[in-house]
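# Notes for the structure review
Each chain is listed here by its residues.
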Amino acid sequence: MAPQHKSSIWFYATSWLSYFFWHMFKWLLRRITGKCELQRICYNHREGAPRTMRIEKSLRCSKSTLLQNVLSREQHGSVQECVSQVMKLKVINQEAHPIFALRFGQCLEQIWSYQALVKEVEMTRLLRYDSLNETHETLLMELWCKLVPERQLPSRITKEWSYIGFQGDDPATDFRGMGMLGLHNLLFFASQYRNAARHVLQRSHHPKFRYSLAIVGINITSMAYHLLCCGALKNHMYNTVIGAPSLLHFHLTYSYLLYEFDKFWFAEEPADIMEFSRVREKFLSQVSEYLQSEYARLKLDISDENMLAPDQG
Ligand SMILES: *[C@@H]1O[C@H](CO)[C@@H](O)[C@H](O)[C@H]1NC(C)=O
Ligand SMILES: *[C@@H]1O[C@H](CO)[C@@H](O)[C@H](O)[C@H]1NC(C)=O
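Residues numbered from 1 in each chain as written. Chains lettered and ligands numbered in written order. Predicted model: local features only at pLDDT ≥ 70, side-chain atom pairs only at ≥ 80, totals over all residues. Heavy atoms only, no water.

### A few points about the site of ligand 2
Close to ligand 2 lie Asn219, Ser222, Phe276, Ser277 and Arg280. Between ligand 2 and asparagine 219, the relevant distance is 2.3 Å, taken from an oxygen atom to a side-chain nitrogen or oxygen of the residue. At 2.8 Å from an oxygen atom of ligand 2 is found a side-chain nitrogen or oxygen belonging to serine 277. Calculation on ligand 2 without its partners gives an accessible area of 360 Å², and the protein chains cover 49% of this total. Those elements that place two or more of their residues in the shell around ligand 2 are α10 (213-229) and α13 (276-291). (Near = heavy atom within 4 Å. Polar contact = N/O pair within 3.5 Å; in protein donor to acceptor, adjacent residues only side chain to side chain. Areas by Shrake-Rupley, 256 points an atom, 1.4 Å probe, with all protein chains shown as cover. Helix = DSSP H or I, 4+ residues; strand = E, 2+ residues; numbered from the N terminus.)

### Re the UniProt feature "domain: ELMO" (unreviewed entry) in the protein chain
With numbering aligned to this structure, UniProt lists the feature "domain: ELMO" (unreviewed entry) at residues 135-291. Taken end to end, residues 135-291 is 63% helix and 0% strand, and its first and last C-alpha atoms sit 35 Å apart. (UniProt positions renumbered as here; feature names shortened; annotations may be inferred.)

### A closer look at the packing of α10 against α13
Packing of α10 against α13 leaves a shortest axis separation of 12 Å and a crossing angle of 35°. When you trace α10 past α13, the crossing you get is right-handed. The residues of α13 that touch α10, namely those facing Val216, Asn219, Ser222, Met223 and Leu227, are Phe276, Arg280, Phe283, Leu284, Val287, Ser288 and Leu291. For the contact of α10 with α13, the residue count by class is eight nonpolar, three polar and one charged. (Axes fitted to C-alpha atoms, helices over the stretch in contact; angles between N-to-C directions. Left-handed = near helix turned anticlockwise from the far one by under 90°. Contact = heavy atoms within 4.5 Å. Nonpolar A, V, L, I, M, F, W, Y, C, P; charged D, E, K, R; others polar.)

### Some details on the packing of α10 against helix α12 (residues 247-268)
At a closest axis distance of 9 Å, the pairing of α10 and α12 adopts a crossing angle of 125°. As far as their axial angle goes, α12 and α10 are oblique. Crossing of α10 over α12 shows right-handed handedness. Within the contact between the two elements, α10 uses Val216, Gly217, Ile218, Ile220, Thr221, Ala224, Tyr225, Leu227 and Leu228 and α12 uses Phe250, Tyr254, Leu257, Leu258 and Phe261. Broken down by class, the residue content of the contact of α10 with α12 amounts to twelve nonpolar, two polar and no charged. (Parallel < 35°, antiparallel > 145°, perpendicular 65-115°, else oblique.)

In structure tokens:
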């Protein structure tokens, strides 16, 4: 028998055995503690990612298709209805376990909202920037006003756009793959963290470490988008929002990434913009590693109070 063949039989045997023992172990625990796995998770693990990630995994690996289906919102009405169904299926008494119902419901809310957020973000990304759309044009002009309030644009099509880091004389062509998501992200950062954004804009003109803020900003949108879609932001979102993560929380995550990337860029002391790919890779791998922790929580930490002044107007 070829060694490869032997090892694949060994592989199947061990995975079948571990599957068997895992279910056996769960069954035994249920006998001893009188609680099913979902209950044990809800009682033994901290609110946020530690609890919701385990609930999600437990449902995904469940033998019952009914429980697996709980993961997709489409097939259910409200969170409450779904919780009742699961409790019936698992023969958990509603009156005796109100805390379970509450905590399990919170987990479901987070799981479903994350999925809804992925869809919403994708829809925004697919919207292309359209120069004929007045709403789009207004948002773009607003971005300029937030970043450079002291100076008016001479015209809509102008080289001046390069001051905030667009490429040509018409930003419309720079959004490309990220569509309106790129513009909304930038505008959120520029208006909610006005002073931080202007500080970052100034830094982007540094004689040695200069970069194109808008172009890099749109690239960071693609980073945030990919992290969201592959599920890498789950730990962070579940720890940050007890309730339903929404587009606002995506914008906040983006602001964190852009602000931190700027710091990282300077700390790396790149020779020129040609090093962007290398620095981006390194930054992304550090962020990704941190996000794997079940305590992960990205939080914009702006030490200078002045930089956080939220926009009132
Ligand atoms: C402009 O774009 C928005 C979405 O960004 C859309 O809701 C609206 O219908 C568009 N307006 C026109 C006139 O196409
Ligand atoms: C972002 O930058 C990376 C590295 O240079 C590049 O491969 C990628 O295509 C860029 N993405 C966008 C949307 O600009």
